[in-house]
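Here is how the chains run, residue by residue.
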Amino acid sequence: MAATTMKASFPLLMLMGISFLASVCVSSRSDPQNPFIFKSNKFQTLFENENGHIRLLQKFDQRSKIFENLQNYRLLEYKSKPHTIFLPQHTDADYILVVLSGKAILTVLKPDDRNSFNLERGDTIKLPAGTIAYLVNRDDNEELRVLDLAIPVNRPGQLQSFLLSGNQNQQNYLSGFSKNILEASFNTDYEEIEKVLLEEHEKETQHRRSLKDKRQQSQEENVIVKLSRGQIEELSKNAKSTSKKSVSSESEPFNLRSRGPIYSNEFGKFFEITPEKNPQLQDLDIFVNSVEIKEGSLLLPHYNSRAIVIVTVNEGKGDFELVGQRNENQQEQRKEDDEEEEQGEEEINKQVQNYKAKLSSGDVFVIPAGHPVAVKASSNLDLLGFGINAENNQRNFLAGDEDNVISQIQRPVKELAFPGSAQEVDRILENQKQSHFADAQPQQRERGSRETRDRLSSV
Amino acid sequence: MAATTMKASFPLLMLMGISFLASVCVSSRSDPQNPFIFKSNKFQTLFENENGHIRLLQKFDQRSKIFENLQNYRLLEYKSKPHTIFLPQHTDADYILVVLSGKAILTVLKPDDRNSFNLERGDTIKLPAGTIAYLVNRDDNEELRVLDLAIPVNRPGQLQSFLLSGNQNQQNYLSGFSKNILEASFNTDYEEIEKVLLEEHEKETQHRRSLKDKRQQSQEENVIVKLSRGQIEELSKNAKSTSKKSVSSESEPFNLRSRGPIYSNEFGKFFEITPEKNPQLQDLDIFVNSVEIKEGSLLLPHYNSRAIVIVTVNEGKGDFELVGQRNENQQEQRKEDDEEEEQGEEEINKQVQNYKAKLSSGDVFVIPAGHPVAVKASSNLDLLGFGINAENNQRNFLAGDEDNVISQIQRPVKELAFPGSAQEVDRILENQKQSHFADAQPQQRERGSRETRDRLSSV
Amino acid sequence: MAATTMKASFPLLMLMGISFLASVCVSSRSDPQNPFIFKSNKFQTLFENENGHIRLLQKFDQRSKIFENLQNYRLLEYKSKPHTIFLPQHTDADYILVVLSGKAILTVLKPDDRNSFNLERGDTIKLPAGTIAYLVNRDDNEELRVLDLAIPVNRPGQLQSFLLSGNQNQQNYLSGFSKNILEASFNTDYEEIEKVLLEEHEKETQHRRSLKDKRQQSQEENVIVKLSRGQIEELSKNAKSTSKKSVSSESEPFNLRSRGPIYSNEFGKFFEITPEKNPQLQDLDIFVNSVEIKEGSLLLPHYNSRAIVIVTVNEGKGDFELVGQRNENQQEQRKEDDEEEEQGEEEINKQVQNYKAKLSSGDVFVIPAGHPVAVKASSNLDLLGFGINAENNQRNFLAGDEDNVISQIQRPVKELAFPGSAQEVDRILENQKQSHFADAQPQQRERGSRETRDRLSSV
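Residues numbered from 1 in each chain as written. Chains lettered and ligands numbered in written order. Predicted model: local features only at pLDDT ≥ 70, side-chain atom pairs only at ≥ 80, totals over all residues. Heavy atoms only, no water.

In the annotation of UniProt, the entry for chain A reads Vicilin, and the organism field reads Pisum sativum. In its Function section, UniProt records this for chain A: "Seed storage protein." In its Sequence similarities section, UniProt records this for chain A: "Belongs to the 7S seed storage protein family." (UniProt positions renumbered as here; feature names shortened; annotations may be inferred.)

Here is the structure:
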């Protein structure tokens, strides 16, 4: 049937002279139809207790087929109260861990070694798949918030975590081995192993029925648990702090701001650590950036040449606009479009499409490669981005004084590409004295002050 | 049901002694059933006007599941009249661009730089994803024809192009941003931006209904447009030409013939640039080759050890034969075979299969790794090939004086592998004095001249 | 419907306080439900005659979706009688070939060269895709058994072999070319080519109907055929033997034991060649290991940090235990779980799960990354493993004196993670004096001797 549709519609489209990616009507779509924004409620809670929680963002490719290349990337958010610990565990995924806020001690175990690090906001480290680690909120007052990009190794987009803790009502994964394997492994009677490393199984089963609510609670307490001040002091003894040097270390954390910003002015700052700068990011081919946009400012329109960027709003509010494309009759013909796409007819008759979203803390948005984007801050906005396909990525700005790729177009081509003359185009390009970041409402302010003036004078 | 079929058929096949890949009957398939050939009508027109067109080949994996590993490769053909320009655009795909015929100026923009290159037939360059470029046909008479292999970065096998041109009735992608983002970005009133960079929106909407046909036409004119001689002169001012040196450049074009042919004799020439020779091809792991087969000559049977090669017929006519395999009852049992394949039974009971096709200009064929192939030219034939999995690919010839892998088989194994004695096998292997290319009809000619002689003498 | 299920079940699960990967009931699953074990009957016979056979293991991802990342890996077993040869062929897959037992001569052809190698147990070589090779069992008495890991290049998980042999009733792939291509290629009359290189076609077609059974038999004989002692001598003339040096060769075979064991004691030995040690394994990113566990011994619980390991039981019997996870209501709700997984809810409510299997010669098991595993030998057990994602893989032991990652946990965390005190935990960890391998039944023996003593004293 799809084939029939094609045969009918395809020559027709051609007759109608539908062009490559031309469009006359630029429509705008509200959030429910904007696949690029993941509001914070798209995180699902994996674990939660009084001490903190772990949340996992919806699969990107589950939201939309356009994120097929993100199927093996997952975003995790971890939050915990002061003086708590996330107990030892390992996961079948590589992690890039970034501290969004708070102060942590991260301890990473190896078969014959152990490393502890003091982490602060912006500190970043790669935890290779299978690393056993635990994470302490060492601060007296502040919550600890951590964002992880996870890249699973066993199965695309699927994570499995193995928790090495067990007391009272909960089992650790060692209990997954049979009695005789455990006895032989630890050269110890099973009762002793059970008492010291596992829970007391028999007793527990009795409790289980009568004390279900209690059990659940204590079970939960077991993933993120409280620490005394003394315990924190003991754990922080040999913890190293992130140094400027560590930006190129193979295994130590580095701070996103340890190198100066790549773009910076009074309206914002852009920090970025690329695979070229840090060996930990090389085999994953990922960059991590941190972008600060001042209230009332704008990150100028630009696109990433080859990276797909997953951006999390750490703090603040703002607006996001992305230019994409959609098929002409997308809304009416969704089903058919899908089928046509399967037929490889997807490139025909695309239209320019504006995708807008309001941003607030905890939201995530995705910027595909080549797609122009701009972000406006309505309050100081702090963004954290992970860029996939980072190597050789180039950020091409479409406005601004420097790095503005449009200003590189030769005179005769400017004349042909734009309705105005080359002089007129250049005059507009030169109006913006700022680069990368600019005032978000220079015209409105002017107009505003003009209007005020007018109103005043009319009084 | 598939499982039942298997259970029934599997032991039966074994009883019948069906072997690994043995076959008695070699059948031959006509074009409709030959998945390896894509006739030129399998290109779909993305854009067309009086100045030229852009066409995109059907997805390889849409044609057949056997091309699953080609799902992220697309083939584009671009053609334009003398004194025209393909206006600035970028695409979310890496491109390998090869000039098939004509003379071009390619201009590549960077945020702070611009490079223009004079291109001629055989000139090749990688355009990384997101590169803004424009392409001029600078010749006074000749059409420009360009072939692109595209490797999308956002979504497997899907391309999106962003056109940076807008006048009269068509919008550029800047119009995808909202009014206030544009005003802030260019620090300019929207009316001015609209007039100079975008189209005149209001006016246009009125025209839109009344002048639909006209609009479509001018809209099309906007992708590939005419250039005056003066404009071409201005654009060619700083254009560099391809030098012999540039074969190993990171970003400059190189010519496929800048190094001598790897195989050459009176019957044909074989040029090839591999990732080992050119850094632009390294991360894509692709080779590009150009093969010239003289009328009446044959590219001898050979296979590529690991590369899958996508070959386009640039000029000429010929015949292509490929040796593949098919399941014994493929035609009768297509559906079931598919299901059996899902069951992993695909390797059993394969038969040698001859796949033939007539070749003419614009046709494309695919040679999977390991599959023996031969090509015969009925007129001078010019082929352009892109090889996927290029690194360490080895071309093993099955006939000819040199590079003939069969001649390396040891004597006792020749006796066992072939019906003839080792001496008889060697005698046949030595009959062919040519390597790589040879006369396509030495026997027929002999016979022909014999027959002529006979006829003459019988007269 | 799945969505409805989710909406209903998700908040409920949260209310019930289901945690991350906690579990109270650890259940154990018998073989039919254990996706990690492939009994030897999961090999399918591709070819079999009186001289030997070739068998191919079921696709990993066909068994279970959890092996999605193994979809492009296949396991082949080859077995042949003394004084036989597997005739020349090539396949569209990279191979890692390991000799399980017996003595072979492997001959590898290149267009202009040929290399023969004497192989013995543990000798390993990479055969790049498309390599023409033949394999002789040169021993007078012993069977030759070879295991191949195949990584196809044309199509995920699908192999095609091209056999270069033809006599009597079977065709080689050269017969896939048409008569006139063959005549031109070999510059020889077709009758001669047919007689010497192909079979006699006409005659054969007649035979075909009348002598079907005979044909099938002789057809089979043609893949693995007998060799005389004289032929073997001729073939072994220039065959090189594997040297200690060749462990780092680009193309020569190396022995898995050419470097000392990485773990070794009286209970077992562990040999491993990683990509870091051998260039042949680098681009495939695979390690190969050979593990010997003495009768009554245990390979201590451990996990691979990032490698997925495919293990074949070469010799002996034993037991295998793997700790995995499963969804809580998996058995009841299989269908729904699948749907929920599609919804990305897969991570919630996972339980620790013990997967057990009896091992015997020819069985295969898969150990996903991060999954704890232990293997017990009931008779001397010899295992051969291929590790996918080998680079930077780390083996973390969970018991034993050395390399025990649990012993690296800091004191206060031990207290919190385990029910016992830090001292109690340390006491158990120190009970095991062995590393990596240990006695599988120290307790039972003690108890056994105690019971015997008791029984004796009670007499």
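**Q** So what about the overall build of chain A? Which residues, and what values?
**A** When you go through chain A residue by residue, the secondary structure sums to eleven helices and 28 strands. Going through the 459 residues of chain A one by one, you find that 64% of them count as buried. Partitioning the intrachain contacts of chain A with sequence separation of at least 6 by distance along the chain shows that 76% fall at a separation of at least 24. Carbon and sulfur atoms form 45% of the exposed surface of chain A, whose accessible area is close to 17,200 Å². (Helix = DSSP H or I, 4+ residues; strand = E, 2+ residues; numbered from the N terminus. Buried < 20%, exposed > 50% of the residue type's maximum accessible area, 1.4 Å probe, protein only. Contact = heavy atoms within 4.5 Å. Areas by Shrake-Rupley, 256 points an atom, 1.4 Å probe, with all protein chains shown as cover.)

**Q** Let's hear about the sheet that holds strand β5 (residues 74-80) of chain C: which residues, and what values?
**A** All names here are of chain C. What the seven strands build is an open sheet, ordered β3-β4-β5-β12-β7-β10-β16; its pairing is antiparallel. Each having just a single partner strand, β3 (43-49) and β16 (254-255) make up the two edges of the open sheet. Strand direction decides the pairing type here: β3 and strand β4 (residues 52-57), joined by six bridges, are antiparallel. Residue N49 lies in a different strand from β4, and its bridge partner there is G52. (Pairing = 2+ DSSP bridges.)

**Q** How would you summarise the sheet that holds strand β21 (residues 308-315) of chain C if you had to cite specific residues and measurements?
**A** Residue and element names in this part refer to chain C. Ordered by their spatial adjacency, seven strands build an open sheet running β2-β24-β21-β26-β19-β18-β17, and the pairing between neighbours is antiparallel. Strands at the two margins of the open sheet, each flanked by one partner only, are β2 (37-38) and β17 (263-265). Strand direction decides the pairing type here: β21 and strand β24 (residues 364-367), joined by four bridges, are antiparallel. Considered in β24, the bridge of I310 is made with V366.

**Q** I'd love a proper account of helix α10 (residues 422-431) of chain B, names of residues and values included.
**A** Where α10(B) is concerned, the buried positions are A422(B), V425(B), I428(B) and L429(B). Along the axis of α10(B), the buried residues cluster in a sector spanning 130 degrees; they form a single face. Where α10(B) is buried, its residues touch α9 (411-417) of chain B together with α3 (179-186) and α4 (190-196) of chain C. (Arc of directions from axis to C-beta.)

**Q** Requested: an account of the side chain of R395(B), with residues and values cited.
**A** With respect to the helices and strands, R395(B) occurs in strand β27 (residues 395-397). Polar contacts involving the side chain of R395(B) include one to the side chain of E272(B), which spans 2.4 Å. Polar side-chain contacts of R395(B) include one of 3.4 Å to the side chain of N304(B). Excluding residues that lie within four positions of it along the chain, R395(B) makes contacts with I262(B), Y263(B), F270(B), E272(B), F287(B), N289(B), H302(B), Y303(B), N304(B) and P111(C). (Polar contact = N/O pair within 3.5 Å; in protein donor to acceptor, adjacent residues only side chain to side chain.)

**Q** So what's going on with the side chain of T274(A)? Which residues, and what values?
**A** Checked against the element boundaries, T274(A) lands in the loop between β18 (268-273) and β19 (286-293). In this structure, T274(A) is in contact with L281(A) and F287(A), ignoring residues within four places of it in sequence.

**Q** Lay out unusual backbone geometry with the relevant residues and their values.
**A** Its identity as a non-glycine residue notwithstanding, N392(A) has a phi of 65 degrees, on the positive side. Position of N392(A) relative to the elements: it lies in the loop between β26 (381-388) and β27 (395-397). Although it is not a glycine, N187(B) sits at a positive phi angle of roughly 50 degrees. By secondary structure assignment, the location of N187(B) is in the loop between α3 (179-186) and α4 (190-196).

**Q** Please provide a residue-by-residue account of the pairing of strand β8 (residues 104-110) of chain C, values included.
**A** All names here are of chain C. Within β8, six of the seven residues are buried, leaving the element largely enclosed by the surrounding structure. Sheet analysis places β8 next to strand β9 (residues 113-119), joined by seven bridges and oriented antiparallel. When the sheet's bridge partners are listed, K110 is paired in β9 with D113. In this structure, β8 lies alongside strand β11 (residues 132-137), joined through six bridges in antiparallel fashion. Across the sheet, residue L109 finds its bridge partner in β11, namely I132.

**Q** Please set out helix α7 (residues 229-236) of chain C residue by residue, giving values where relevant.
**A** Buried within α7(C) are the following residues: Q231(C), I232(C) and L235(C). Buried positions in α7(C), seen along its axis, are confined to an arc of 100 degrees and lie on one side of it. Taken together, the buried residues of α7(C) touch α9 of chain B together with β6 (84-91), β8, β9, β11 and β14 (224-226) of chain C.

**Q** Give me the lowdown on the pattern of salt bridges, citing residues and values where you can.
**A** As enumerated under the stated definition, the model contains 52 salt bridges over all chains in all. For R306(A), the salt bridge identified is with D94(B), shortest N-O distance 2.7 Å. In this pair, R306(A) sits in the loop between β20 (297-304) and β21 (308-315) while D94(B) sits in strand β7 (residues 93-101), so the two residues belong to two different chains. Each member of the pair, R306(A) together with D94(B), is buried. Where salt bridges share partners, they join R121(A), R257(A), E292(A), E315(A) and D382(A) into one cluster. (Salt bridge = Lys/Arg side-chain N within 4 Å of Asp/Glu carboxyl O.)

**Q** Account for the pairing of strand β5 (residues 74-80) of chain A, naming residues and giving values.
**A** Residue and element names in this part refer to chain A. Counting buried positions over the seven residues of β5 gives six, a clear majority of the element. Two strands pair when backbone bridges link them, and strand β4 (residues 52-57) and β5 are joined in this way by five bridges, in the antiparallel orientation. Within the sheet, the bridge partner assigned to L56 lies in β5 and is L76. Bridge count for β5 against strand β12 (residues 144-152) is seven bridges, and the pairing is antiparallel. Bridge assignment links E77 to a residue of β12, and that residue is L147.

**Q** So what about the packing of aromatic side chains? Which residues, and what values?
**A** Scanning the model with the defined rule gives 27 aromatic pairs over all chains in all. Ring plane angle 25 degrees and centroid distance 5.0 Å describe the contact between Y78(A) and F86(A), whose orientation is recorded as stacked. Overall, F86(A) belongs to the buried group, its relative accessible area being 11%. Ring geometry for F36(B) against Y355(B): centres 4.9 Å apart, planes inclined by 70 degrees, an arrangement best described as edge-to-face. Of this pair, F36(B) sits in the loop between β1 (27-29) and β2 (37-38) while Y355(B) sits in strand β23 (residues 350-359); the two residues are 319 residues apart in sequence, bridging distant segments of the chain. For F36(B), a relative accessible area of 4% translates into the label buried. (Phe/Tyr/Trp six-rings, centres within 6.5 Å; stacked < 30°, edge-to-face > 60°.)

**Q** Account for the environment of Y173(A), naming residues and giving values.
**A** Relative to the helices and strands, Y173(A) is located in the loop between β13 (161-163) and α3 (179-186). Considering only alpha carbons, one finds Y173(A) and F162(A), eleven residues apart in sequence, at a separation of 6.4 Å. Excluding its chain neighbours within four sequence positions, the residues that come into contact with Y173(A) are H90(A), I132(A), F162(A), L163(A), L164(A), Y303(C), V323(C), V352(C), P372(C) and L398(C).

**Q** So what about the environment of A133(B)? Which residues, and what values?
**A** All names here are of chain B. Looking at the element boundaries, A133 is found in strand β11 (residues 132-137). Take A133: its relative accessible area is 9%, and that puts it in the buried class. Once the C-alpha coordinates of A133 and R114 are considered, the two residues, 19 residues apart in sequence, prove to be 9.5 Å apart. Every residue in contact with A133, bar those within four places of it in the chain, is listed here: L87, P88, Q89, L106, T107, V108 and L127.

**Q** For the confidence of the model for chain A, give the residues involved together with the corresponding values.
**A** One rule of thumb: low pLDDT means the predicted coordinates there are not for detailed reading. Residue and element names in this part refer to chain A. Confidence in the prediction of chain A, expressed as mean pLDDT, is 83, and 77% of residues score 70 or more. With pLDDT under 50 throughout, residues 200-220 is counted as low confidence; its partners more than four residues away or in other chains account for 31 contacts. Confidence drops under pLDDT 50 across residues 329-347; counting only partners more than four residues distant or on other chains, this segment forms 47 contacts. Complex prediction metrics read pTM 0.88 and ipTM 0.86. (pLDDT = per-residue confidence, 0-100.)

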